[in-house]
Amino acid sequence: MVNRLLLVTALLASGCALAEEVAPRASVVEADKTETLTVEADGFVDPLRELKFNPGLDQREFERSTLAALNIYDPLESLNRRIYHFNYRFDQWVFLPVVDGYRYVTPGFVRTGVSNFFNNLGDVPNLFNSVLQLKPKRSAEITARLMFNTIIGVGGLWDPATKMGLPRQSEDFGQTLGFYGVPDGPYLMLPILGPSNLRDTTGLVVDYVGEKEINYLNVPDTASDHPELTVLRAVDKRYTTNFRYGQTNSPFEYEKLRYVYTQARKLQIAE
Amino acid sequence: MLRSLRLAALLGGLLLAAAASARDIDAASYGYPLTNPFEATIATTPPEQRPTLPSDDDIDQADYSLTLRPEREFTLPDNFWSVKKLRYRLAKQDHEAPLIFLIAGTGAPYSSSINEYLKKLFYQAGYHVVQLSSPTSWDFMSAASRFATPGVTSEDAKDLYRVMQAVRAQQAHLPVSEYYLTGYSLGALDAAFVSKLDETRKSFNFKRVLLLNPPVNLYTSITNLDKLVQTRVKGIDRSTTFYELMLEKLTRYFQDKGYIDLNEALLYDFQKSRQHLSNEQMAMLIGTSFRFSAADIAFTSDLINRRGLIIPPKFPITEGSSLEPFFKRALQCDFDCYLTEQVIPMWRARTDGNSLLQLVDQVSLYALEDYLRASPKIAVMHNADDVILGPGDIGFLRRVFGERLTLYPHGGHCGNLNYRVNSDAMLEFFRG
């Protein structure tokens, strides 16, 4: 009896297996609305077949683009590279272990609260700079963010504004300068702070001084008596920055970072 | 009655045997949203169709480093300080569990995004997970590779095997029940060779080995990848380079949108916008990313072996030295150039090798045909529209793996690895 049952189940199972293995290959083609791909006998759909190649296969566009992209004004390269290596080591031996410790001792909602709090402070220079760039819509949005987050979000610990459809938009004085056509200037690798250039470094200083002068929520004043607040801000900044030195895993990370930074800033200024 | 049933069973068995061919997943029931192979390769699965995975905070994990080539401490230049030891990542369960090794793809480090994804997937399913860099990655070449000329797969597998043994030695207190192995892209080819090596060295006795989107013929794969930067891209002219074109599109996209929001949905949204990329542009983008890997490999291999093709031997390099002139030279070398100028000469000198064809046979899956056919513990998952395959490659996989090949209709190159259907199939395979 058991034997018989086994046989029946085996049969049933084989039926199922067969049903699973039905392969109507034609459906692949039907599903492809955009192009008619030819399916080869073994089921291979060659993606290269649909592409238009240059006939001689001798175009040097990759080389041309990349060599042009390397062309960034970097007169202090030697010093910058040393600072890059210093930052890399500092990150690995000091900064990231501290961030890991921070992650270990605090629960997630506390870290989010800390990030929100400092982001809310950061909305002050954001507002300031978006006014300077004569962007009325963005300025209004940031003002609304500041109000909601400071009042409803209890001093910025929560971020109800983002949930209301007012995402954080960052504007700094470097972007304002860029908006008015100030060129990048030489590329700079700042100790600990990372990639920058002369224009953005100037912007950084202006934003810092501005924040001190405005003294929003009394935080900058308090911070001068309590350096731990500044340390917390730095740790939070590192905690929220995804970049890791060495993440490109390339001997040419310095060049790649330089290019990406320069282009990312251009993008931020243009938008 | 009994006889007829037996007959039926026999017939059923025969039918089953006839159908013991590859598991072809049909497009309709598969339901993968991206039918364009290039889109799938670049964007991978839309976030809502990925499996739910634990966050990094919920995983007990750390990076460790191994000193495998102590002499490199002295022979490598100062600015290679970060890759004089080989790093790997281990996610530990708090009880005895099976351990799975993940091998990254071309040029990718242990922390590559696919490795991270696979780690989360397998960790959640109760495995200890060890993430390893690809033998073609900068750190592996510098810190673990004996010849630092990746491409001869059997040699790469030996290097990997030593790394795995060193990992086990370093983690001696980790309670491991059994060993599993997987890898994606080039890492899958490596995994096949490592598994073969394990049959004689017997250090791990891998219980199951899964190859995710492996190249079948390594030469076809690198030729295809080299070719991708030869597409005719609309919008490139004398004054606009390819990158400028891409950045213009991105800028316009963000300007239309009103703000910059970098999130996971960005790519899908971008492809739905007016600025979406054409197939040629996407192909160029994929090709570009591989060319950067090729440049890194060519430069590193040349430097470590002092071949003098890209950087003069004994050229003094400090942390402040500019590498730009060498980067420029390395950029002009694609995979084919690296193979011809560096791999083949070394392979010939070391092994009395002859023609390119012979090398291709030795380093591709062809070399393992008999082993793979006779090893029920090894399975392969591939996509019908994978850009690293050539005509006949899937036929080869069908012949060799039979029902152990699962062929998905879409996904491009590794684009569907994080699709829920695929992740379930992977876990199911290792569950046994």
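Residues numbered from 1 in each chain as written. Chains lettered and ligands numbered in written order. Predicted model: local features only at pLDDT ≥ 70, side-chain atom pairs only at ≥ 80, totals over all residues.

Explanation requested: the overall build of chain B in the structure shown.
Looking only at helices and strands, chain B has 18 helices and nine strands in total. For chain B, the C-alpha radius of gyration of 23 Å lies close to 22 Å, the compact-globule estimate for 432 residues. Considering only contacts within chain B whose residues lie at least 6 apart along the sequence, 79% involve residues at least 24 apart. (Helix = DSSP H or I, 4+ residues; strand = E, 2+ residues; numbered from the N terminus. Rg over C-alpha atoms; globule rule 2.2 N^0.38 Å. Contact = placed C-beta atoms within 7 Å.)

Sorry, what's going on with the interface of chain B and chain A here?
The accessible area lost on association of the parts is a frequent measure of interface size. At the interface, 71 residues of chain B touch 61 residues of chain A. The dominant element in the side of chain B that touches chain A, judged by the number of residues it contributes, is helix α12 (residues 279-305) of chain B, at eight residues. Its residues assigned to classes, the side of chain B that touches chain A shows 34 nonpolar, 20 polar and 17 charged. (Nonpolar A, V, L, I, M, F, W, Y, C, P; charged D, E, K, R; others polar.)

Any chance you could explain the environment of Thr106(B) here in plain terms?
With respect to the helices and strands, Thr106(B) occurs in the loop between β4 (97-103) and α5 (113-124). The contacts of Thr106(B), once residues within four sequence positions are left out, are Ser134(B), Thr136(B), Ser185(B), Leu186(B), Phe290(B) and Ser293(B).

When you look at the domain arrangement of chain B in this model, what are you seeing that I'm missing?
Residues and elements named next belong to chain B. Domain annotation for chain B reports domain 1 (20-217 + 364-431) and domain 2 (226-344). Put simply, the middle of domain 1 and the middle of domain 2, counted by C-alpha atoms, are 24 Å apart. Opposite the 21 residues of domain 1 that make contact, domain 2 presents 24 residues. Elements that contribute at least two residues to the side of domain 1 that touches domain 2 include exactly α3 (37-43) and α6 (138-143). For the side of domain 1 that touches domain 2, the leading source of residues is α3, giving five residues. Along the lines of polarity and charge, the residues of the side of domain 1 that touches domain 2 split into eleven nonpolar, eight polar and two charged. (Domains from an automatic or database assignment.)

Sorry if this is basic, but what is going on with the environment of Gly113(A) here?
All names here are of chain A. Note on placement: Gly-113 falls in helix α5 (residues 108-132). Assessed through the 19 C-beta atoms surrounding it within 10 Å, Gly-113 is described here as partly exposed. Along the backbone, Gly-113 and Lys-163 are 50 residues apart, and their C-alpha atoms lie at a distance of 15 Å. (Buried ≥ 20, exposed ≤ 12 C-beta atoms within 10 Å, placed from the backbone.)

I tried to follow the nonpolar core on my own but got confused; where do I start?
The nonpolar side chains of a soluble globular protein tend to be buried, and buried together. Core analysis: the biggest nonpolar cluster contains 137 residues, and Ile100(B), Leu132(B), Leu181(B), Ala192(B), Leu211(B), Ala298(B) and Ala330(B) have the highest contact counts within it. At 13 residues, the largest contribution of residues to this core is made by α12(B). With near-sequence residues (within four places) excluded, Leu132(B) lies in contact with Tyr88(B), Phe101(B), Leu102(B), Ile103(B), Ala104(B), Tyr110(B), Leu160(B) and Val163(B). In terms of nonpolar packing, the next biggest core, distinct from the first, is built from seven residues, Phe117(A), Leu121(A), Leu127(A) and Ile142(A) among them. (Core = buried A, V, L, I, M, F, W, Y, C linked by C-beta atoms within 7 Å.)

Explain the pairing of strand β3 (residues 86-91) of chain B here, please?
Here is the key point about a regular strand: its side chains alternate between the two faces of the sheet. All names here are of chain B. Within β3, six of the six residues are buried, which leaves it mostly tucked inside the rest of the structure. Residues Leu-86, Tyr-88 and Leu-90 point to one face of β3 and Arg-87, Arg-89 and Ala-91 to the other, with burial holding for every one of them. Relative to β3, strand β2 (residues 61-66) runs antiparallel, the two sharing six bridges. If you follow Gln-61 over to β3, its bridge partner there is Ala-91. In this sheet, strand β5 (residues 128-132) lies alongside β3 in antiparallel orientation, the contact comprising three bridges. Across the sheet, Arg-89 pairs through a bridge with Gln-131, a residue of β5. (Pairing = 2+ DSSP bridges.)

Can you walk me through the confidence of the model for chain B in this structure?
Low-confidence regions, as indicated by low pLDDT, have predicted coordinates that should not be scrutinised in detail. Residue and element names in this part refer to chain B. For chain B, per-residue confidence averages 92 on the pLDDT scale, and 95% of positions sit at 70 or higher. Counting contacts from residues 13-19, a segment whose pLDDT is below 50, to residues more than four positions away or on other chains yields six contacts. Across the interfaces of the predicted complex, the ipTM metric reaches 0.89, alongside a pTM of 0.88. (pLDDT = per-residue confidence, 0-100.)

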